[in-house]
Amino acid sequence: MVTHCARHRWRPRTLGLNRVNQKQSKANPRRGKRRPATSGPVAKADQRIGVPKSTGKNTPPGLVARELAVDLVVAVLTQNRAFDEALTAAFAAPRYADLEARDRGLARQIAATTLRYARPLQARLDSRLDKPLSARYARIGAILLTAAAQLCRLAIPPHAVISLAVDQTRYARAGSHLDKLVNAVLRGLVRDGVSVSSDRETIRETLPGWMWLRWVKNYGEATAQDIAEASLQEAALDLSVKSAPPQWAERLNGAALATDTVRLVPGGRIEDLEGFASGDWWVQDAAAALPARLASLTVGPAAEVADLCAAPGGKTALLAATGARVTAVEISADRLQRLAANLDRLGLSAELVEADIATWNPARQFDAVLLDAPCTATGTIRRHPDIIHLKRESDVARLATIQASLLENAVNLVRPGGCLVYCTCSLEPEEGEQQMSAFLASHPEFEVMPIEPGLAGIEASWITPEGYLRTLPSFTPTIVAEGDGVSVPKGMDGFFAARLRRL
Ligand SMILES: C[S@@+](CC[C@H](N)C(=O)[O-])C[C@H]1O[C@@H](n2cnc3c(N)ncnc32)[C@H](O)[C@@H]1O
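Residues numbered from 1 in each chain as written. Predicted model: local features only at pLDDT ≥ 70, side-chain atom pairs only at ≥ 80, totals over all residues. Heavy atoms only, no water.

Lining the immediate environment of the ligand, one finds 16 residues, of which E330, R335, D356, I357 and D372 sit closest. P312 is positioned with one of its backbone polar atoms (N or O) 3.4 Å from an oxygen atom of the ligand. Taking D356, its side chain carries an N or O atom lying 2.8 Å from a nitrogen atom of the ligand. Protein burial of the ligand: of its 610 Å² of free accessible surface, 83% is covered by the chains. Class assignment for the residues of the shell around the ligand results in 9 nonpolar, 2 polar and 5 charged. (Near = heavy atom within 4 Å. Polar contact = N/O pair within 3.5 Å; in protein donor to acceptor, adjacent residues only side chain to side chain. Areas by Shrake-Rupley, 256 points an atom, 1.4 Å probe, with all protein chains shown as cover. Nonpolar A, V, L, I, M, F, W, Y, C, P; charged D, E, K, R; others polar.)

Take a look at the structure:
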């Protein structure tokens, strides 16, 4: 988001309450600089930016959580890393080891909000800077952006937000002399009552232009607006349970959905919830569970099923839990290990194979083959706000070509009379409906088994004229049971699934 420019004069357009002493900053950026107090020695990992450990007695409250939020935003926006991956790495880092769950949650919320609203927030900031910050000061740009998100979207008291952002700037390895600029720009936002609301224009502004235009072309403007709005929401915590969804919904104080998913209000550590340690459920979006439910309902329990592109194993677990003999195939050794650990916790088993689906050629065929192909994942922006920054329009065609090549080999694995479920979590027809049209045109030995409403709790409005499943983030499964006073979030991932039979 931070654009680059070779030469700069660091001056906010509106100096506001705090005048920036450019001369002092230029002549000796560190002169008269107060470093926030630290207590005790600073851990090695912290020296990178000089931030005190979260345990430090004199560390300003909330500072380390803000540092984590900025690290996450930098990871996505300047290092092009996936948000999930960055979260996992940050939570494992020694410098955040002592951070309490509540602060981790706050950091995650700030970073996710920043990523969701990065475009409109950046526009508000850019209008207050003479020139954009250079790449060298990317971290300062991320400090400004996360602070703006807290001020303009999260309604966190301005005093705390500004003071912590200024402290963070002073700790930064590059750009600590920009503390007054940061102070002035943020104070200006507050003084001028700048907000980033949820009006139609702002919602569109959050998306890259190509994504918005595609959704308008493929779904019409009103639905595109609904999708965009839903994509900005924090997703519910959805669980697939091994059995008895209504009882689990009651025990966990959530809702049971018609699709058999248990939906909870997100918050707190997942590991602390009842049933995690005992392996009674796993986290899986309601829509993401449907392709495996479809495969399982089509071939029945005890069938031989190949789960292709299987890690981290949500669909493998669902198939195994319904009694299928599952072979889970995954190209990445690391991700296959994660899948193994997940199955282990759940007390479920599957044959695990590390292989490339494009060439995997086992000696046998299967009753059902589930291909959850890699895709642009534009249906999962609620959970992965990095997608609106990291995906390019060219990825649609690139991934559609990969999907076609995986499908081409997957067909050989389906026994005659068996079933192939192809799915992606993309909203782009090239990765769904169009992929299937092209496939069926060149594979007369396959026919569509149209999905009927009611199957696996699927609603009529989620089914295309061809009989495919097409869920949108703006859809919500029917709630069949909900605890008293519980109001779970709406929405579901955007998914495409086709169910085919081999003749
Ligand atoms: C959408 S994710 C699958 C999610 C999984 N089915 C689940 O429900 O938990 C796609 C997976 O496909 C794997 N993958 C990508 N290309 C592959 C290939 N050519 N062969 C096998 N696995 C592949 C990726 O490593 C990734 O784990």
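Applying the stated criterion across every chain, the model contains 5 aromatic pairs. The interplanar angle of 65 degrees and the centroid separation of 5.2 Å between the aromatic rings of Y468 and F496 together place this pair among those described as edge-to-face. Residue Y468 is located in the loop between β10 (446-448) and β11 (469-471), and its partner F496 is located in strand β13 (residues 495-502); the two are separated by 28 residues in the primary sequence. Its relative accessible area of 3% is what places Y468 among the buried residues. (Phe/Tyr/Trp six-rings, centres within 6.5 Å; stacked < 30°, edge-to-face > 60°. Helix = DSSP H or I, 4+ residues; strand = E, 2+ residues; numbered from the N terminus. Buried < 20%, exposed > 50% of the residue type's maximum accessible area, 1.4 Å probe, protein only.)

Further remarks concern the UniProt feature "active site" (unreviewed entry) in the protein chain. Here, UniProt's "active site" (unreviewed entry) annotation points to C425. Looking at the secondary structure, you find C425 in the loop between β9 (414-424) and α18 (433-442). For C425, a relative accessible area of 15% gives the class buried. Discounting chain neighbours no more than four positions away, the residues touching C425 are C375, A377, T378, G379, T380, G494 and F495. (UniProt positions renumbered as here; feature names shortened; annotations may be inferred. Contact = heavy atoms within 4.5 Å.)

What follows is about the side chain of K315. Secondary-structure assignment places K315 in helix α14 (residues 314-321). When its relative accessible area of 10% is taken as the criterion, K315 is described as buried. When near neighbours in sequence (up to four residues on either side) are disregarded, K315 contacts Q284, A288, P291, A292, D307, L370, D372, C423 and F495.

Let us look at unusual backbone geometry. That bond from A311 to P312 is cis: its omega, 10 degrees, falls within 30 degrees of zero. Following the sequence through the fold, P312 ends up in the loop between β5 (304-308) and α14. Positive phi, normally seen in glycine, also occurs at A244, with a value near 55 degrees. Mapped onto the fold, A244 is located in the loop between β1 (237-241) and α12 (245-251). With a relative accessible area of 32%, A244 lands in the partly exposed category.

What follows covers the UniProt feature "binding site: S-adenosyl-L-methionine" (unreviewed entry) in the protein chain. The positions that UniProt labels "binding site: S-adenosyl-L-methionine" (unreviewed entry) are, in the present scheme, C309, A310, A311, P312, G313, G314, K315, E330, D356 and D372. Its place among the elements puts A311 in the loop between β5 and α14. Not counting the four nearest positions on each side in its chain, A311 is found in contact with E330, R335, L336 and L339.

The next subject is the environment of T316. Among the structural elements, T316 can be located in helix α14. A relative accessible area of 0% places T316 in the buried class. In contact with T316, other than residues within four places in its own chain, are D307, A310, V326, A328, L339, L343 and A350.

Tallied over the full model, the rule gives 31 salt bridges. A salt bridge links E85 to R81, with the nearest nitrogen and oxygen atoms 3.5 Å apart. Taking the relative accessible area as the measure of exposure, E85 reaches 45% and is therefore partly exposed. Salt-bridge contacts for D238 lead to R263; the nearest nitrogen and oxygen are separated by 2.7 Å. Of this pair, D238 sits in strand β1 while R263 sits in strand β3 (residues 261-264), placing them 25 residues apart in sequence. One exposure class covers both D238 and R263, and it is buried. Each of E67, D71, R95 and R139 takes part in a single network of salt bridges with overlapping partners. (Salt bridge = Lys/Arg side-chain N within 4 Å of Asp/Glu carboxyl O.)

Among the nonpolar cores identified, the biggest contains 113 residues, and L186, W215 and I458 are the most heavily contacted of them. The biggest single contributor to this core is helix α2 (residues 63-77), with 11 residues. Ignoring sequence-local partners within four residues, the contact set of L186 consists of L144, A147, A148, L151, I162 and A165. L308, V353, L407 and F446 belong to the second-largest nonpolar core, a separate cluster that totals 27 residues. (Core = buried A, V, L, I, M, F, W, Y, C linked by side-chain atoms within 4.5 Å.)

Turning next to the packing of helix α13 (residues 286-299) against α14. Two elements in contact, α13 and α14, have axes whose closest approach is 9 Å; the angle formed by their N-to-C orientations is 35 degrees. Like other packed secondary-structure pairs, α13 and α14 cross with a definite hand, here right-handed. Residues A288, A289, P291, A292, R293, A295 and S296 of α13 touch α14, and the partners they reach there are K315, L318 and L319. Classifying every residue of the contact of α13 with α14 by side-chain character gives 7 nonpolar, 1 polar and 2 charged. (Axes fitted to C-alpha atoms, helices over the stretch in contact; angles between N-to-C directions. Left-handed = near helix turned anticlockwise from the far one by under 90°.)

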